[in-house]
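Structure at a glance
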There are 2 protein chains.
Amino acid sequence: MLSVIEILADCRLFTAVPAKSFQRLAAMARLAKFRKGQMIFRENEDCPGVYVVGKGMVRVFKTGAGGKEHVLHIVEAGGTFAEVAALGGFKVPASAEAVEATLCALLPQPLFRKALEEDHPLCLGMLSGLSLWVKHLVGLLEDVVLRDAAGRIANYLLDARRTADGAVALPSLKRYVASHLNLTSETFSRTFRRLIDAGLISIGKKNHVLIVAPERLRSVAQGILPKV
Amino acid sequence: MLSVIEILADCRLFTAVPAKSFQRLAAMARLAKFRKGQMIFRENEDCPGVYVVGKGMVRVFKTGAGGKEHVLHIVEAGGTFAEVAALGGFKVPASAEAVEATLCALLPQPLFRKALEEDHPLCLGMLSGLSLWVKHLVGLLEDVVLRDAAGRIANYLLDARRTADGAVALPSLKRYVASHLNLTSETFSRTFRRLIDAGLISIGKKNHVLIVAPERLRSVAQGILPKV
DNA sequence: CGCTTAATTGAACGCGATCAAACTATGTGG
DNA sequence: CCACATAGTTTGATCGCGTTCAATTAAGCG
């Protein structure tokens, strides 16, 4: 099983944090384990601290009127969530649920804040980490607002992390991807098929997607629809 | 005319910054003046630094395929923009334009970064400032994704800063508000009228909007449509 | 005033949502 | 091992909100 040190070491948000500060973080961290489908916290609860995912997958989502959900973020190993609420000291603005069996390191809110107040390099590291997160959010907004369904899927595929063989591995459930892109699974499925039929991508084993024509896919992401 | 000190003192982002750090910021700042309609910077340019608005109004927007624009933020006196790019050290992710004659204080990027590296309280203050900005962005996302046109307008009015007499002053051009809410000005106009006809709000002089029925408006923001 | 730019109103269209049904995959117990 | 159950995906048909196109009215500003 992973230790807190291994989990934190693999976390992007802390890459800029020097060794000494890192040890302090490792010392305060405790492990948190979640079953598949388990809720980690709900919107408007007090923030327990910063969660760092070591293994598994977490979806962070907002719930709107009539129970409609929107996935803000799908967090995998190396990612963090609830950092913003922990930093700002407010209630968590969204809910989090373990999509698979998940292991996290939790940096408890009060200790973490104390560390920030005393540790300047840590503070700096968090600042650049946060600014990356803002960049990501602006990208998300851009997606929802300026792109159509095909454009969003194309952009998602181009931005996604690739496996060793250059394919994109979709999260276990496509519906979560769809929600992340603010699409219904129906529209996602249909549009996905259009991209396959147009020869821009192809589907392999186990939800692995091959990008056949990257340039054409890129033009789709910029708003040029593929013919037929 | 406003001095840099007056501008910075009135800025929310720096409220948590102690006096000593504040003076350092004031010392590095220079004034930047923009005519109505003048571009301040364009997407993907190098970040000049942190802009603090002292007077006037700036719209920060993204441009998508086909020239479609989306207003990320309307910045008035006391607000800042380009902070994120300045912190993270990357290119500005959006364009900025002075909507009216505008006076800003500019904290030049290299000096500002240096100050951050040396000044821990400043760093802390910026962290909580940034986390507020993230909160705002998540709110925007929530808006676009989970609310319909009426809900977005209602929510916007409820969240907006009030004048002394409790009214909401819309930015000079309604189209910018519309774009901010990801609506066309046509839809904005129509939906606005529906809210007036339903007796939830009323229009005063000079783009001032009175909120007549706050509770009912709040329920609209939560997705309950006003009858007829 | 007349000229320009913004806001409003009307009519028709289209993208993506919704409802519904068939199909597929993955288990589970007899 | 197969019948059945459960959950997810795909495909089809229809609907509605917001967009788009077009025309009119209102507002700024020389």
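Residues numbered from 1 in each chain as written. Chains lettered and ligands numbered in written order. Predicted model: local features only at pLDDT ≥ 70, side-chain atom pairs only at ≥ 80, totals over all residues. Heavy atoms only, no water.

1. Notes on the pairing of strand β4 (residues 58–63) of chain A
Residues and elements named next belong to chain A. Burial runs high along β4: five of the six residues are buried. As judged from the six bridges shared by β4 and strand β5 (residues 69–75), these two strands associate in the antiparallel manner. Bridge pairing in β5 links R59 to I74. As defined by bridge partners, β4 adjoins strand β7 (residues 95–98) across four bridges and the pair is classed as antiparallel. Within the sheet, the bridge partner assigned to R59 lies in β7 and is E97. (Buried < 20%, exposed > 50% of the residue type's maximum accessible area, 1.4 Å probe, protein only. Helix = DSSP H or I, 4+ residues; strand = E, 2+ residues; numbered from the N terminus. Pairing = 2+ DSSP bridges.)

2. Observations regarding the sheet that holds strand β3 (residues 49–55) of chain A
Residue and element names in this part refer to chain A. In spatial order, the strands read β1-β8-β3-β6; together these four strands make up an open sheet with antiparallel pairing. Two strands bound the open sheet, and with one partner strand each, they are β1 (30–34) and β6 (80–81). Bridge count for β1 against strand β8 (residues 102–108) is five bridges, and the pairing is antiparallel. Bridge assignment links R30 to a residue of β8, and that residue is L106. Here helix α4 (residues 109–118) sits on the sheet and contacts β3 and β8; the angle it forms with β8, its principal contact strand, is near 55°. (Contact = heavy atoms within 4.5 Å. Axes fitted to C-alpha atoms, helices over the stretch in contact; angles between N-to-C directions.)

3. Things to note about the relation of the copies chain B and chain A
When chain B is fitted onto chain A, the two copies agree to an RMSD of 0.2 Å after a turn of 180° and an axial shift of 0.1 Å. Here the transformation between the copies is reduced to the relation of a two-fold axis. Most of the interface of chain B is mirrored in chain A: 100% of its interface residues are interface residues there too. (Least-squares fit on C-alpha atoms with pLDDT ≥ 70 in both.)

4. Looking at the interface of chain B and chain A
With 38 residues of chain B in contact, the opposing surface of chain A contributes 38 residues. Across the chain B to chain A interface the summed buried area is about 3300 Å²; carbon plus sulfur atoms make up 82%. Linking chain B to chain A there are two salt bridges. Its salt-bridge partner being E142 of chain A, residue K62 of chain B comes within 3.0 Å of it at the nearest N-O pair. Our enumeration of links across chain B and chain A arrives at six residue pairs in polar contact (both at pLDDT 80 or more). At the level of secondary structure, the elements contributing two or more residues to the side of chain B that touches chain A comprise β4 (58–63), β5 (69–75), α3 (83–88), α4 (109–118) and α5 (120–146) of chain B. (Buried area = accessible area lost by both parts, 1.4 Å probe. Salt bridge = Lys/Arg side-chain N within 4 Å of Asp/Glu carboxyl O. Polar contact = N/O pair within 3.5 Å; in protein donor to acceptor, adjacent residues only side chain to side chain.)

5. Looking at the nonpolar core
F81 of chain A together with F81 of chain B are the most contacted members of the largest nonpolar core, which has 116 residues in total. Beyond its immediate sequence surroundings of up to four residues, F81 of chain B is in contact with I40, F41, G49, V50, Y51, V53, V58, V60, V75, A96 and C104 of chain B. (Core = buried A, V, L, I, M, F, W, Y, C linked by side-chain atoms within 4.5 Å.)

6. Some points on the protein's contact with DNA strand C
Taken together, 15 residues lie around DNA strand C, and A149 and T187 of chain A together with K174, R190 and R193 of chain B are the ones closest in. A distance of 2.6 Å separates a phosphate oxygen of DNA strand C from a polar atom in the side chain of T187 of chain A. At the level of elements, α8 (185–197) of chain A together with α7 (174–180) and α8 (185–197) of chain B are the ones that each hand at least two residues to the surface near DNA strand C. Among the residues making up the surface near DNA strand C, the classes are represented as three nonpolar, four polar and eight charged. (Near = heavy atom within 4 Å. Nonpolar A, V, L, I, M, F, W, Y, C, P; charged D, E, K, R; others polar.)

7. So, the packing of helix α6 (residues 149–159) of chain B against α8 of chain B
Residue and element names in this part refer to chain B. Following both chains from N to C, one finds α6 and α8 inclined at 75°, their axes separated by 10 Å at the closest point. The angle between α6 and α8 falls in the class roughly perpendicular. Residues A149, A150 and I153 of α6 pack against T187, F188, T191, F192, R194 and L195 of α8. Tallied by class, residues from the contact of α6 with α8 come to six nonpolar, two polar and one charged. (Parallel < 35°, antiparallel > 145°, perpendicular 65-115°, else oblique.)

8. Let's talk about the domain arrangement of chain A
Residue and element names in this part refer to chain A. The domain architecture assigned to chain A consists of domain 1 (4–141) and domain 2 (147–222). Summarising the inter-unit geometry, the C-alpha centres of domain 1 and domain 2 are found 26 Å apart. Contacts between the two partners involve 14 residues from domain 1, matched on the other side by eight residues from domain 2. A buried area of about 870 Å², summed over both sides, lies between domain 1 and domain 2, and 57% of it is on carbon and sulfur atoms. Per-residue buried area on domain 1 facing domain 2 is highest for H70, V71 and I74; these three make up 42% of the total on that side. If you look at where domain 1 meets domain 2, you find one salt bridge. For E76, the salt bridge is made with R161, and the minimal N-O distance between the two is 3.9 Å. Summed over the shared surface of domain 1 and domain 2, the number is one residue pair in polar contact (both at pLDDT 80 or more). Grouping the constituent residues of the side of domain 1 that touches domain 2 by class yields six nonpolar, two polar and six charged. (Domains from an automatic or database assignment.)

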